[in-house]
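Listed below are the residues making up each chain.
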Amino acid sequence: QTSSASTGDLTTEILQALSQKDPINSTEAFPQIPFESIKAALDRLASRSMVKYEQIEREEAFLEPEAEIIVSHGSHEARVFDAVHKALEGLSIQDLEKEIGDKTVTKLGQGKAFKEKWIKKDGSKLVALVDSINDVTRDQLRVIKETKTHDAKIIADLKKRKLLKLQKVISFTIHKAEKFALEMVKEETDLTAEMLASGAWKEATFKPYNFKALGADQHAGALHPLNKVRSEFRQIFFEMGFTEMPTNQFVESGFWNFDTLFVPQQHPARDLQDTFYVSDPPKAGRPTATGPDDKADYEEYFKNVQQVHQDGKYDSIGYRYPWAEDESLRLVLRTHTTSVSAAMLHKLAQQKDENGRVPPARYFSIDRVFRNETVDATHLCEFHQVEGVIADYGLTLGGLMEFMDMFFGAMGVTDLRYKPAYNPYTEPSMEIFSHHKGLNKLIEIGNSGIFRPEMLEAMGLPRDLRVFGFGLSLERPTMIKYGISNIRELLGHQVDLSFVQKNPAVRFDK
Ligand code: PHE
């Protein structure tokens, strides 16, 4: 027996021990080996039906240091008796203390010896009452030291006197089983072509499948949370009959980003503090056809936009300021994807039939936008905007609210609240709020409205066509769904890649 046997050697040792004696007890046969190693070896043998075993749990008693002293020197009371008995004339308490050499032992032993009627006080001296005594405590402790156990009452008593501690000990009774042998058979893990060809499979022992084994970690690519939430939104849009807008152009002219949306040229959103301008090339060309199929009259549209801003048109009095073409042709990093919505609605106007009608349409996009913001926990200079546009006849503000309830409801966001707001391009406009459980307050989750006639009629869309528009950031719902409070953990150079890798492929929180 070796104390450091690996489980490989241990299985052989167990088989050998069993061939001599059946059953064996593991603590008797292998006293030095921890029970975990024995159990591992037994499990390997048992899975091959070579052994059977039962686990036995019992409590063993171990002597405390004080009890060890009693075993070697006798109990306190016996030591007191011996000292008193030895001194034929009796002993004073001071002499007894000197003799024993320990104040506590003397005090405790004296008390017990009095109680047992072994000694008595005679004047100032202690004298013995009997000739000999039985040191019961020492005898009991000797038995326990030897066998680790004793009568339950005695054990309880000695434990109360703090002479023992009890420890749970696990051992095994091991028996031979059907396939007992002296060696563990090699188990095959695979059925190979060679085994089939040679017939060796008939004799082979196969390792049973371990259906409890965990799969190995897969080092595969991982989708970023933003991408996952983005595909959820896309799916919702597709299910609601939307088509996706082309958002591959990050640089726009002020014309598409602002002017088409009836944002006046002095509007603060157009300030350097809010918008990134592109200096090279210095300016955009005037809007022109985007391809051979594009038959729109862009010159007319350009002029319509100028007129509606500067002088008013379509029953609107306009802003009445001198509209500057240069301002309109400045290049910007798009501040919203509504620039793309404007281009798409302008294209929709080209589908007018002979009755001046355009078909109803639903467009959406999810892509990057840029704003000149100070970076903090909830703002970056770029983020992703989810944008939707619905064009139809007879649309109402109530309809927009109902649509928003359905749209956010599909994402699991319910109980929306609406607040009147202002956008240059929508009237009326509404900010959308939702109650955030974690923060326990209403937070803004989107912006929406009905596009103004100044914007739509300049494109040539029919007067009675109504167009809903709404926008939200992709980051905010992602942060809420993934429990992130700092946007820099989600986007940019500080992102922890293991966060991207480890977050679940599928969330069930909808
Ligand atoms: N462009 C708006 C924004 O950036 C969103 C919006 C789109 C609002 C369409 C109304 C209509 O917040």
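Residues numbered from 1 in each chain as written. Predicted model: local features only at pLDDT ≥ 70, side-chain atom pairs only at ≥ 80, totals over all residues. Heavy atoms only, no water.

Trainee: I'm lost on the overall build of the chain in this one. Help?
Mentor: A count of helical and extended segments in the chain gives 19 helices and 18 strands. Expected size for 510 residues packed as a compact globule is a radius of gyration near 24 Å; at 45 Å, the chain overshoots this value by more than 25%. Taken over the C-alpha atoms alone, the chain extends approximately 135 × 85 × 45 Å along its principal axes. Across the 510 residues of the chain, 41% fall into the buried class. Counting contacts in the chain only where the partners sit at least 6 residues apart, residues at least 24 apart contribute 68% of the total. Element-wise, carbon and sulfur atoms account for 52% of the exposed surface of the chain, whose accessible area totals about 28,900 Å². Charge centroids of the chain, computed over 65 positive and 75 negative side chains, lie 6 Å from each other. (Helix = DSSP H or I, 4+ residues; strand = E, 2+ residues; numbered from the N terminus. Rg over C-alpha atoms; globule rule 2.2 N^0.38 Å. Buried < 20%, exposed > 50% of the residue type's maximum accessible area, 1.4 Å probe, protein only. Contact = heavy atoms within 4.5 Å. Areas by Shrake-Rupley, 256 points an atom, 1.4 Å probe, with all protein chains shown as cover. Lys, Arg positive; Asp, Glu negative; His and termini not counted. Charge placed at Lys NZ, Arg CZ, Asp CG, Glu CD.)

Trainee: Can you walk me through the nonpolar core in this structure?
Mentor: One recurring pattern in soluble globular proteins is that nonpolar side chains are buried together. By size, the foremost hydrophobic cluster in this structure holds 36 residues, and its most contacted members are Leu345, Leu348, Phe451, Met455, Met459, Leu461 and Val467. Here this core gets 6 residues from one element, more than from any other, and that element is helix α15 (residues 338-349). Not counting chain neighbours up to four residues away, the residues in contact with Leu348 comprise Val358, Pro359, Ala361, Tyr363, Ala391 and Leu461. Val229, Phe242, Leu400 and Ile487 belong to the second largest nonpolar core, which has 35 residues in total. (Core = buried A, V, L, I, M, F, W, Y, C linked by side-chain atoms within 4.5 Å.)

Trainee: Help me understand the site of the ligand, please; the structure alone is not making it clear to me.
Mentor: Taken together, 14 residues sit near the ligand, with His336, Thr338, Arg371, Gln385 and Tyr425 positioned nearest. Measuring from an oxygen atom of the ligand, one finds a side-chain N or O atom of Arg371 at 2.9 Å. One of the side-chain nitrogen or oxygen atoms of Tyr425 is found 2.9 Å away from a nitrogen atom of the ligand. Starting from 320 Å² of accessible surface for the ligand in isolation, the protein chains cover 92%. More than half of the atoms belonging to the ligand lie within 2 Å of the grid points that define the largest pocket. Going through the elements one at a time, β14 (382-393), β17 (441-451) and β18 (465-473) are the ones with two or more residues in the shell around the ligand. (Near = heavy atom within 4 Å. Polar contact = N/O pair within 3.5 Å; in protein donor to acceptor, adjacent residues only side chain to side chain. 1 Å grid on protein atoms, 1.4 Å probe; cavity = no way out; pocket = protein on both sides within 12 Å on 5 of 7 lines; lining within 4 Å. Sits in = over half its atoms within 2 Å of the grid points.)

Trainee: Mind showing me how you'd approach the layout of surface pockets here?
Mentor: A probe as big as a water molecule, rolled over the atoms, marks out the empty space that is left. When its volume is computed, the largest pocket comes out at roughly 1,300 Å³. Lining the largest pocket are 48 residues, with Arg371, Glu373, Phe383, Glu444 and Ser473 sitting closest to its centre. Broken down by secondary-structure element, the contributors of at least two residues to the lining of the largest pocket are β14, β15 (417-423), β16 (426-436), β17, β18 and α18 (475-482). Sort the elements by how many residues they give to the lining of the largest pocket and β17 lands first, with 9 residues. Of the residues belonging to the lining of the largest pocket, the class tally is 19 nonpolar, 20 polar and 9 charged. (Points joined across faces, edges and corners; volume = space filled by probe spheres on them. Nonpolar A, V, L, I, M, F, W, Y, C, P; charged D, E, K, R; others polar.)

Trainee: Which parts of the structure should I look at to understand the sheet that holds strand β11 (residues 277-278)?
Mentor: Strand pairing in a sheet takes place through backbone hydrogen bonds and is either antiparallel or parallel in direction. Taken together, 3 strands build an open sheet; the order of strands is β10-β12-β11 and the sheet is antiparallel. Where the open sheet ends on each side, the last strands, each with one partner, are β10 (251-253) and β11. Two elements, β11 and strand β12 (residues 331-333), share 2 bridges in a ladder whose sense is antiparallel. Note on β12: the bridge partner recorded for Tyr277 is Val332. (Pairing = 2+ DSSP bridges.)

Trainee: I'm lost on the domain arrangement of the chain in this one. Help?
Mentor: Accessible area lost upon the coming together of the parts serves often as the stated size of an interface. Looking at the assigned domains, one finds that the chain contains domain 1 (1-75 + 136-174), domain 2 (77-134) and domain 3 (227-502). One C-alpha centre belongs to domain 2, the other to domain 3; they are set 102 Å apart. (Domains from an automatic or database assignment.)

Trainee: Any chance you could explain the pairing of strand β13 (residues 361-370) here in plain terms?
Mentor: Each regular strand displays side chains that alternate between the two surfaces of the sheet. Burial analysis of β13 places 8 of its 10 residues in the buried class, the great majority of the element. Summarising the sheet, β13 and β14 pair through 10 bridges and their orientation is antiparallel. Looking at the pairing, Arg362 lines up with Ile390 of β14.

Trainee: Would you mind showing me how to read the packing of helix α4 (residues 65-73) against helix α8 (residues 136-147) here?
Mentor: The description of two packed helices rests on the angle between their axes and on the distance between the axes. Viewed as axis vectors pointing N to C, α4 and α8 meet at an angle of 110 degrees, and their least axial separation amounts to 9 Å. With respect to their mutual orientation, α4 and α8 come out roughly perpendicular. As α4 packs across α8, the resulting crossing turns out to be left-handed. Facing Ala67, Glu68, Ile70, Val71, Ser72 and His73 of α4, the residues of α8 in contact are Arg138, Leu141, Arg142 and Lys145. By residue class, the composition of the contact of α4 with α8 is 4 nonpolar, 2 polar and 4 charged. (Axes fitted to C-alpha atoms, helices over the stretch in contact; angles between N-to-C directions. Parallel < 35°, antiparallel > 145°, perpendicular 65-115°, else oblique. Left-handed = near helix turned anticlockwise from the far one by under 90°.)

Trainee: What am I meant to see in the packing of aromatic side chains here?
Mentor: To describe a pair of aromatic rings, you give the distance between the ring centres and the angle between the ring planes. Tallied over the full model, the rule gives 23 aromatic pairs. A ring pair is formed by Phe237 and Phe407, whose centres lie 4.9 Å apart and whose planes are at 40 degrees; its orientation type is tilted. Of this pair, Phe237 sits in helix α11 (residues 225-239) while Phe407 sits in helix α16 (residues 397-410), and the two are 170 residues apart along the sequence. Ring geometry for Phe250 and Phe370: centres 5.3 Å apart, planes at 55 degrees, overall tilted. (Phe/Tyr/Trp six-rings, centres within 6.5 Å; stacked < 30°, edge-to-face > 60°.)

Trainee: What exactly am I supposed to notice about the environment of Val467 here?
Mentor: Residue position: Val467 is located in strand β18. Taking C-alpha positions, Val467 is 21 Å from Ile317, a pair spaced 150 residues apart along the chain. The contacts of Val467, once residues within four sequence positions are left out, are Leu345, Val389, Ile390, Ala391, Gly449, Ile450, Phe451 and Leu456.

Trainee: Mind showing me how you'd approach the pattern of salt bridges here?
Mentor: Charged atoms that come close allow side chains of opposite charge to pair. Applying the stated rule across the entire model yields 23 salt bridges. Between Arg452 and Glu454 there is a salt bridge, and its shortest N-O distance comes to 3.2 Å. Take Arg452 and Glu454: they sit in the same class, and that class is buried. Notably, a salt bridge pairs Arg463 with Glu457, separated by 3.0 Å at the nearest N-O pair. For Arg463, a relative accessible area of 49% puts it in the partly exposed group. Within the structure, one salt-bridge network assembled from shared partners comprises Arg286, Glu299 and Glu325. (Salt bridge = Lys/Arg side-chain N within 4 Å of Asp/Glu carboxyl O.)

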